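Chains, contacts and geometry: an overview
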Amino acid sequence: WREKQMKTGVSKAELIKSLEATLKLTREKIACLDLRDENTVVIYFEGGYTRVINIACNSGIAIIRDVCKYI
């Protein structure tokens, strides 16, 4: 069994920026998503609250699931 990798030509940074744009269209009060490093995403909520998420070894869909799980 192997962990699925990101789609060729799509970086984690691109995926996070796209996800950020989508989440801002919701009523979840997301200020921004920040790819701190290759293994960590930080969700910044309006009002100053943050959540740090480990995305090490995650596929694209797993990154989306992990981020949404913490919203």
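Refer to the structure presented above.
Residues numbered from 1 in each chain as written. Predicted model: local features only at pLDDT ≥ 70, side-chain atom pairs only at ≥ 80, totals over all residues. Heavy atoms only, no water.

**Observations concerning the nonpolar core**
- Of all hydrophobic cores here, the largest spans 13 residues; its most connected members are Leu23, Ile30, Leu33, Val41, Ile43, Ile63 and Val67.
- Contributing elements (two or more residues each) for this core: helix 1 (12-24), strand 1 (30-37), strand 2 (40-45) and helix 2 (60-69).
- Considering each element in turn, this core owes the most residues, four residues, to helix 1.
- When residues no more than four places from it in sequence are discounted, the contact partners of Val67 are Leu19, Leu23, Leu33, Val41, Ile43 and Ile53. (Core = buried A, V, L, I, M, F, W, Y, C linked by side-chain atoms within 4.5 Å. Buried < 20%, exposed > 50% of the residue type's maximum accessible area, 1.4 Å probe, protein only. Helix = DSSP H or I, 4+ residues; strand = E, 2+ residues; numbered from the N terminus. Contact = heavy atoms within 4.5 Å.)

**Quick notes on the pairing of strand 3 (residues 50-54)**
- Alignment of strand 2 against strand 3, held across five bridges, turns out to be antiparallel. What sits directly across from Tyr44, in strand 3, is Thr50.
- Between strand 2 and strand 3, which follow one another and run antiparallel, lie four residues, and Gly47 among them has a positive phi close to 100°. (Pairing = 2+ DSSP bridges.)

**Some words on helix 2**
- Where helix 2 is concerned, the buried positions are Gly60, Ala62, Ile63, Asp66 and Val67. Considered in projection along helix 2, the buried side chains sweep an arc of 160° and stay on one side of the axis. Structural note: helix 2 exposes Arg65 and Lys69 on the side pointing more than 90 degrees away from its buried face.
- Close packing links the buried residues of helix 2 with helix 1, strand 1, strand 2 and strand 3. (Arc of directions from axis to C-beta.)

**So, the pattern of salt bridges**
- Scanning the entire structure with this criterion turns up two salt bridges.
- Across the pair Glu20 and Lys17 runs a salt bridge whose closest N-O atoms are separated by 3.4 Å. Of this pair, Glu20 and Lys17 are both found in helix 1, three residues apart, which corresponds to roughly one turn of the helix.
- A salt bridge links Asp66 to Lys69; its shortest N-O distance comes to 3.8 Å. Taken together, the residues span about one helical turn, with Asp66 and Lys69 both in helix 2 at a distance of three residues. (Salt bridge = Lys/Arg side-chain N within 4 Å of Asp/Glu carboxyl O.)

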